[in-house]
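Examining the three-dimensional arrangement
Letter by letter, the chains look like this.
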Amino acid sequence: MSCGIHFHILTLFPEMVSEGLASSILGRAIQNGHISLETVNIRDYTVNKHKKVDDYPYGGGAGMLMQAQPVYDACMAVEERIRARRAGQMGSAGEAACIDMAGRARVIYVTPQGRHFNQSMAEELAKEEDLIFLCGHYEGIDERVLETVVTDQVSIGDYVLTGGELPAMVMIDAISRMVPGVLKNEESAEFESFHDNLLEYPQYTRPEIWRGMSVPKILLSGDHAKIEAWRLEQSEERTRRVRPDLYEIYSRKERALGYLMRDKLGHMDMIEAIRRGQAHIQYADEEGVLLKDEPSGAWMVSAVDVDMGERLLSLIPRKERDHLLLVVHQKFLVESIARRFGKTYVNVCRQAVYTRKTAPWQEEDFCIHTIQEEEVDAVYHHYAYHGVHSREDLAQRIRAGEMYGLYEDGQLAAFGGFHPEGSMGMLEVLPAYRRKGYGAALERYLIARALEKGRTPFCQVFEGNEPSLNLQKKLGLRLASSPLYWIS
């Protein structure tokens, strides 16, 4: 049996985590091999003979700060073990070096400053093969190591705890429930509290009548379609009554998707942001949608006419207007944005979407694997002329394990990856390796990676880039009928 997900917890108190997760459903899941749990004592990696891992912060202030070196070394040791395990799973080490379908493990730092953890994030993280949790203590961790190793900063609420172990355990519990085999009833993870921002419907068991109260007749009817409809209605009503804040989010999402699905190809960027749980939907109705993609910081807008477009743009918070990045789906919005915000740098793109369920990738004689951070300068050197991404932008994508390289004789020949909002891009074949089919091979690989993660593969091609547009058609992607506009 292959393990569904491997959890690695970097902590100063490993027993607290291992004992806390060793019982009940999670304990059974570990015993049955559905998940695995590795606790790593950060103190084991300090070079201090007294096992000291903290020191006073520069600039003064109360409390102590965890040092960068032991945290970094502990994390690197875990990542090396992950690479070795994956190499063993794939056969020879040479094979693993050439085709790495797994990518770099995400490193989650649990901190009140991070994105709020919710059910959508649990579902997203449950698709990973490995997750590394970094548990801080004292007044936190040296910022330099956080910038170096952390891919996600996550919070379980707006309050302060003594350490990161309890939040890590909460997240591991929620994530594990999404892993096949962890729960006895496979459906119970999907249809319980907070699924799709709805509270769970009322449930009943024997006896049929208790203290004069009967089970609703619909549940005894045997008509499963009517039962499901009743349960959805009850969930909606309960959420509307008990958690109006959640119900507003739920109804906003439904309204947004109702509008966006009228032009699925043209709106796939917004649809995917919603599906992946990374969209803050500011407004949605049958005439337009305004949302913010949290990872990229981009505001995405679509409207039926100028008046609705102006109304949506007015809802963007004033504090965000100085450094706005916008994606709009109608040309008339470009003029409105220039007039309202003074933003005039416009990239016109065509959106291409892969609508099939099976990937075009095959195990070919191409050496492809995730790009390592030490290669960022080589990537930036060959991509800088586009003027779209800074070196730090590319470094962040590499640290997130979202950039992939194709190699010939050990040399980087082509690279590409996923932008923060989810589109495929940054595809570049180095001059000496062109006309060998490397660009097509790499994009097929990216499509396969997206499908593996349950995403719809899509990309955005600059207007006038006919070779890239032809490549999308060749690979089976469908082009949206109208362009979209990136404005900064």
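Here goes a summary of the coordinates provided. (Residues numbered from 1 in each chain as written. Predicted model: local features only at pLDDT ≥ 70, side-chain atom pairs only at ≥ 80, totals over all residues. Heavy atoms only, no water.)

Inspection of the entire model under this criterion finds 29 salt bridges. Among the salt bridges present, the one from Arg 275 reaches Glu 272, with a minimum N-O distance of 3.6 Å. Taken together, the residues span about one helical turn, with Arg 275 and Glu 272 both in helix α10 (residues 268-275) at a distance of three residues. It is possible to trace a salt-bridge network through shared partners that takes in Arg 106, Glu 124, Glu 128, Asp 152 and Lys 453. (Salt bridge = Lys/Arg side-chain N within 4 Å of Asp/Glu carboxyl O. Helix = DSSP H or I, 4+ residues; strand = E, 2+ residues; numbered from the N terminus.)

Attention shifts here to a nonpolar patch on the surface. On the surface, a nonpolar cluster with roughly 460 Å² of combined accessible area is contributed by Phe 13, Met 16, Tyr 159, Leu 161 and Leu 166. Positionally, Phe 13 belongs in the loop between β1 (5-11) and α1 (14-20). Here Phe 13 falls in the partly exposed class, since its relative accessible area comes to 39%. (Patch = residues over 30% accessible without salt bridge, like charges linked within 9 Å, V, L, I, M, F, W, Y side chains within 5 Å. Areas by Shrake-Rupley, 256 points an atom, 1.4 Å probe, with all protein chains shown as cover. Buried < 20%, exposed > 50% of the residue type's maximum accessible area, 1.4 Å probe, protein only.)

Hydrogen bonds between backbone atoms are what pair the strands of a sheet, whose relative direction is either parallel or antiparallel. Across the sheet, five strands lie side by side as β2-β1-β6-β5-β7; this open sheet has parallel pairing. Where the open sheet ends on each side, the last strands, each with one partner, are β2 (35-41) and β7 (152-155). Averaged over all pairs of adjacent strands, the angle between their axes in this sheet comes to 30°, without regard to strand direction. As judged from the seven bridges shared by β1 and β2, these two strands associate in the parallel manner. Counted as the bridge partner of Ile 9 is Thr 39 from β2. (Pairing = 2+ DSSP bridges. Axes fitted to C-alpha atoms, helices over the stretch in contact; angles between N-to-C directions.)

Considering the arrangement of structural elements, one finds Thr 456 in the loop between α15 (438-452) and β19 (458-462). Overall, Thr 456 belongs to the buried group, its relative accessible area being 19%. Sequence-distant contacts of Thr 456, that is, excluding residues within four places in its chain, are made with Met 268, Glu 272, Arg 275, Val 353 and Tyr 354. (Contact = heavy atoms within 4.5 Å.)

Core analysis: the biggest nonpolar cluster contains 42 residues, and Ile 368, Val 379, Met 403, Leu 406, Phe 415, Tyr 438 and Leu 477 have the highest contact counts within it. Not counting the four nearest positions on each side in its chain, Leu 406 is found in contact with Phe 366, Cys 367, Ile 368, Gln 411, Leu 412, Ala 413, Ala 414, Tyr 438, Ala 441 and Leu 442. Core analysis: the second largest hydrophobic core is formed by 28 residues, Ile 35, Val 110, Ala 168 and Val 182 among them. (Core = buried A, V, L, I, M, F, W, Y, C linked by side-chain atoms within 4.5 Å.)

Inspection of the secondary structure puts Phe 462 in strand β19. When the C-alpha positions of Phe 462 and Val 348 are compared, they lie 5.9 Å apart, and in sequence the two are 114 residues distant. Beyond its immediate sequence surroundings of up to four residues, Phe 462 is in contact with Asn 347, Val 348, Cys 349 and Val 388.

Looking now at a negative patch on the surface. Negative charge collects at one region of the surface, where Glu 286, Glu 287, Asp 305 and Asp 307 lie side by side. Tracing the backbone through its elements, the reader meets Glu 286 in the loop between β10 (279-285) and β11 (288-293). (Lys, Arg positive; Asp, Glu negative; His and termini not counted. Charge placed at Lys NZ, Arg CZ, Asp CG, Glu CD.)

Moving on, we come to the side chain of Glu 310. Turning to its location among the elements, Glu 310 is positioned in helix α11 (residues 306-313). When near neighbours in sequence (up to four residues on either side) are disregarded, Glu 310 contacts Ser 336, Arg 339 and Arg 340.

Time to look at the packing of aromatic side chains. Any two aromatic rings considered together are summarised by their centre-to-centre distance and by the angle between their planes. Enumeration over the complete set of coordinates arrives at six aromatic pairs. A centroid spacing of 6.3 Å and a plane angle of 40° characterise the contact between Phe 7 and Phe 133, whose relative ring orientation is tilted. In this pair, Phe 7 is assigned in strand β1 and Phe 133 in strand β6 (residues 130-134), connecting sequence segments 126 residues apart. Judged by relative accessible area, which is 1%, Phe 7 ranks as buried. Ring geometry for Tyr 247 versus Tyr 250: centroids 5.8 Å apart, planes at 45°, classification tilted. Taken together, the positions of Tyr 247 and Tyr 250, both in helix α9 (residues 244-260) and three residues apart, correspond to about one turn of that helix. Judged by relative accessible area, Tyr 247 falls into the buried class, the value being 19%. (Phe/Tyr/Trp six-rings, centres within 6.5 Å; stacked < 30°, edge-to-face > 60°.)

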